[in-house]
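# Descriptive analysis of the structure
Chain by chain, the residues run as shown.
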Amino acid sequence: MIHQRFQRMSWTSGSVCNCNRLGSYGLTCDAESKQCSCKPGVGGLRCDRCEPGYWGLHKATEGNSGCSSCNCNQVGSVRDDCEQMTGRCVCKQGITGMKCDMCPAGTVLGSEGCMDGMFLILL
């Protein structure tokens, strides 16, 4: 009986929905949708994961507010999202770096990937 009364009271003013402390602005959620109020770049009903293209929910303990943008190089990366714990992007073959923006010595990143630096000078 007491448990049922507590549940009714909590649903009227905002429901206690186990919102993630790192990813949400509070511990209550919308009574109808059950959606917690998420910080920037954070998603899920409980604000417990980063949205695609974002990473680092765990870094909120270090002062970050929400998840950080992956910022993968559009030319050098396979896709827009990155590894959730490190922010490392998935690079195309021959391209390196956390954000897929580095090429081997003597080459530069162009619109078609890593290209011979001399070839670009001739263009």
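Within each chain, residue numbers correspond to sequence positions counted from 1 in written order. The predicted nature of this model means local features are confined to residues of pLDDT at least 70 and side-chain atom pairs, given and counted, to a pLDDT of 80 or more, with totals for whole chains, interfaces and linings taken over all residues. Side-chain calculation: all heavy atoms of the structure are included, whereas hydrogens and water are not.

The name given to the protein chain in an unreviewed UniProt entry is Laminin EGF-like domain-containing protein, with the source organism recorded as Caerostris extrusa.

## Some details on unusual backbone geometry
A negative phi angle characterises most non-glycine residues, just as the trans form characterises most peptide bonds. So the rule is basically this: Counting from the N terminus, the helices are the DSSP runs of H or I reaching at least four residues and the strands are the DSSP runs of E reaching at least two. Any residue under 20% of the maximum accessible area for its type is buried, any over 50% is exposed, and the rest in between are partly exposed; the area is computed with a 1.4 Å probe on protein chains only.
For Cys47, which is not a glycine, the phi torsion comes out positive at approximately 55 degrees. For Cys47, the location among the structural elements is in the loop between strand S4 (42-43) and strand S5 (49-50). You can call Cys47 buried: its relative accessible area is 0%. Even without glycine at this site, Cys100 takes up a positive phi of about 60 degrees. Looking at the secondary structure, you find Cys100 in the loop between strand S9 (89-91) and strand S10 (107-110).

## So, the environment of Cys47
For clarity, the cut-off: In what follows, residue pairs with any heavy atoms lying within 4.5 Å of each other are defined as contacts.
C-alpha separation for the pair Cys47 and Cys36, spaced 11 residues apart in sequence, amounts to 6.3 Å. Ignoring anything within four residues of it in the chain, the contact list for Cys47 reads Asn20, Gly23, Ser24, Gln35, Cys36, Ser37, Cys38, Val42 and Leu57.

## Considerations on the pairing of S10
What counts, and what does not: Any two strands with at least two DSSP bridges between them are considered paired.
With 4 bridges joining them, S10 and strand S11 (residues 113-116) adopt antiparallel strand pairing. Note that in S11 the partner of Thr107 across the bridge is Asp116. Hairpin connection from S10 to S11: 2 residues lie between these consecutive antiparallel strands.

## Concerning the nonpolar core
Operational definition: In these notes, a set of buried Ala, Val, Leu, Ile, Met, Phe, Trp, Tyr and Cys residues joined through side-chain atoms within 4.5 Å is what counts as a nonpolar core.
Core analysis: the largest hydrophobic core is formed by 9 residues, namely Cys17, Cys19, Cys29, Cys36, Val42, Cys47, Cys50, Leu57 and Cys67. Contacts of Cys67, omitting those with residues within four sequence positions, involve Pro40, Gly41, Val42, Cys50, Tyr54, Trp55 and Leu57. By size, the runner-up hydrophobic cluster in this structure holds 7 residues, among which are Cys70, Cys82, Ile95 and Cys100.

## Focus on the state of the cysteines
What counts here: When two cysteine sulfur atoms lie within 2.5 Å, the pair is treated as a disulfide.
Across all of its chains, the model carries 8 disulfides by this definition. Linked covalently through their sulfurs, Cys38 and Cys47 form a disulfide whose S-S length is 2.1 Å. Negative torsions about the S-S bond denote left-handed disulfides, and the value of about -90 degrees found for Cys38 with Cys47 makes this one left-handed. Here Cys72 pairs with Cys89 through a disulfide, and the sulfurs are 2.1 Å apart. On the sign convention where negative means left-handed, the S-S torsion of about -90 degrees between Cys72 and Cys89 marks this disulfide as left-handed. One end of the pair, Cys72, is in the loop between strand S7 (68-69) and strand S8 (77-82); the other, Cys89, is in strand S9, and 17 residues separate them in sequence. Of the two residues, Cys72 and Cys89, neither departs from the other in class, the shared state being buried.

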